[in-house]
Amino acid sequence: MEGTYIPCKFEYSPKNDKFRVLAIELENEGYRGYTVLNLGRVQSVELTDISAETDYLQYFLDKRNKEDRIIDIEITDERNAMERFMVEFSIYKKEAAYDKERDVLKVKLYYDPLDATEILVKILGFGPVLKVLGPDSFVDMIKERLLKQKSLGQ
């Protein structure tokens, strides 16, 4: 895979021990969109004479914030799940409220669609102490993943 990119933000995933760069992809001297590149897979880099408009960072932030998705989650505190969840998802924007009557933490987790698979795997790792309430599209992704795992195990 080759392309022309403007790096905008570097991230480190301690769980996967990898660095990645969030970048704008250029096409025909315009912005094609943004993407995530795994730095461990980069084989070569060349400096180009292409200059980007000065608003590329604002474009990136606008594009990324527009495409954020929200997952509604409930977490029980079995096996210290609430604290583990907050640590595991510390890099993501979230809104959390504790429901004292039901003894659950209700969380709205904001994530970038490019991170959907990573989020899905992390959520499944919590098992029955975490329940995804919506959106239906994310619940369907979980069901598909579990059905696929079940079929591979038979």
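Here, the structure is the one placed above.
Just so it is clear, the model here is predicted, and its values are computed rather than measured.

**Student:** Which residues make up a nonpolar patch on the surface, and what values do they have?
**Tutor:** On the surface, F10, Y12, F19, L39, V42 and V45 cluster together to form a nonpolar patch covering roughly 610 Å² of accessible area. For V45, the position within the fold is in the loop between β3 (30-38) and α1 (56-66).

**Student:** With reference to specific residues and values, describe the nonpolar core.
**Tutor:** The biggest cluster of nonpolar side chains holds 23 residues, and the ones touching the most others in it are I71, I73, I75, I119, I123 and F138. Listing elements by their share of this core, those giving two or more residues are β4 (69-76), α2 (81-88), β6 (104-111), α3 (116-124), β7 (130-134) and α4 (136-153). With residues up to four places along the chain from it excluded, the contact list for I73 reads F85, L105, K106, V107, L109, I123, L130 and K131. In this structure, I6, L22, L26 and Y34 belong to the second largest nonpolar core, which totals seven residues.

**Student:** Hey, could you go over a negative patch on the surface for me, with residue numbers and the actual values?
**Tutor:** Together, D77, E78, E83 and D103 make up a negatively charged patch on the protein surface. One can find E78 in the loop between β4 and α2. Of the residues examined, E78 reaches a relative accessible area of 48% and is grouped as partly exposed.

**Student:** Can you tell me about the pairing of strand β2 (residues 18-27), naming the residues and giving the values?
**Tutor:** Regular strands show a simple pattern: their side chains alternate between the two faces of the sheet. With seven of its ten residues buried, β2 lies for the most part within the structure. Here nine bridges tie strand β1 (residues 4-13) to β2, and the two strands are oriented antiparallel to one another. Considered in β2, the bridge of Y5 is made with E25. Sheet analysis places β2 next to β3, joined by eight bridges and oriented antiparallel.

**Student:** Hey, could you go over the sheet that holds β4 for me, with residue numbers and the actual values?
**Tutor:** Judged by pairing direction, the sheet is antiparallel, and its four strands sit side by side in the order β5-β6-β4-β7 without closing on themselves. A strand with exactly one partner marks an edge of an open sheet, and here the two such strands are β5 (94-99) and β7. Going from strand to strand, the sheet's axes swing by 25° on average, the running direction of each strand aside. Strand direction decides the pairing type here: β4 and β6, joined by eight bridges, are antiparallel. Along β6, the bridge assignment pairs I71 with L109. Set on the sheet, α2 makes contact with β4, β5, β6 and β7; between it and β4 the angle comes to about 155°. Those strands touched by α4 are β4, β6 and β7, and its axis lies near 135° from that of β7.

**Student:** Tell me about the sheet that holds β3, residues and numbers included.
**Tutor:** Taken together, the three strands give an open sheet; going across it, the order is β1-β2-β3, and neighbouring strands pair in antiparallel fashion. Lying at the two open borders of the sheet, with one neighbouring strand each, are β1 and β3. Between one strand axis and the next, the sheet turns by 20° as a mean value, whatever way the strands run.

**Student:** Got a sec to walk through the packing of aromatic side chains? Specific residues and values, please.
**Tutor:** Summed over all chains, the structure comprises five aromatic pairs. Centre to centre, the rings of F89 and Y92 are 6.0 Å apart; their planes meet at 50°, and the pair counts as tilted. The class of F89 is buried, set by a relative accessible area of 0%. Three or more aromatic residues link up through ring pairs in this structure, and these residues are F85, F89, Y92 and F126.

**Student:** Tell me about α2, and name the residues and values.
**Tutor:** When we look at burial in α2, the residues that qualify are A81, M82 and F85. Here the buried residues of α2 occupy an arc of 100° about the axis, which is enough to place them on one side. Exposed residues pointing more than 90 degrees away from the buried face of α2 are listed as E83 and V87. Those residues of α2 that are buried lie in contact with β4, β5, β6 and β7.

About the cut-offs
- Residues numbered from 1 in each chain as written.
- Predicted model: local features only at pLDDT ≥ 70, side-chain atom pairs only at ≥ 80, totals over all residues.
- Heavy atoms only, no water.
- Patch = residues over 30% accessible without salt bridge, like charges linked within 9 Å, V, L, I, M, F, W, Y side chains within 5 Å.
- Areas by Shrake-Rupley, 256 points an atom, 1.4 Å probe, with all protein chains shown as cover.
- Salt bridge = Lys/Arg side-chain N within 4 Å of Asp/Glu carboxyl O.
- Helix = DSSP H or I, 4+ residues; strand = E, 2+ residues; numbered from the N terminus.
- Core = buried A, V, L, I, M, F, W, Y, C linked by side-chain atoms within 4.5 Å.
- Buried < 20%, exposed > 50% of the residue type's maximum accessible area, 1.4 Å probe, protein only.
- Contact = heavy atoms within 4.5 Å.
- Lys, Arg positive; Asp, Glu negative; His and termini not counted.
- Charge placed at Lys NZ, Arg CZ, Asp CG, Glu CD.
- Pairing = 2+ DSSP bridges.
- Axes fitted to C-alpha atoms, helices over the stretch in contact; angles between N-to-C directions.
- Phe/Tyr/Trp six-rings, centres within 6.5 Å; stacked < 30°, edge-to-face > 60°.
- Arc of directions from axis to C-beta.

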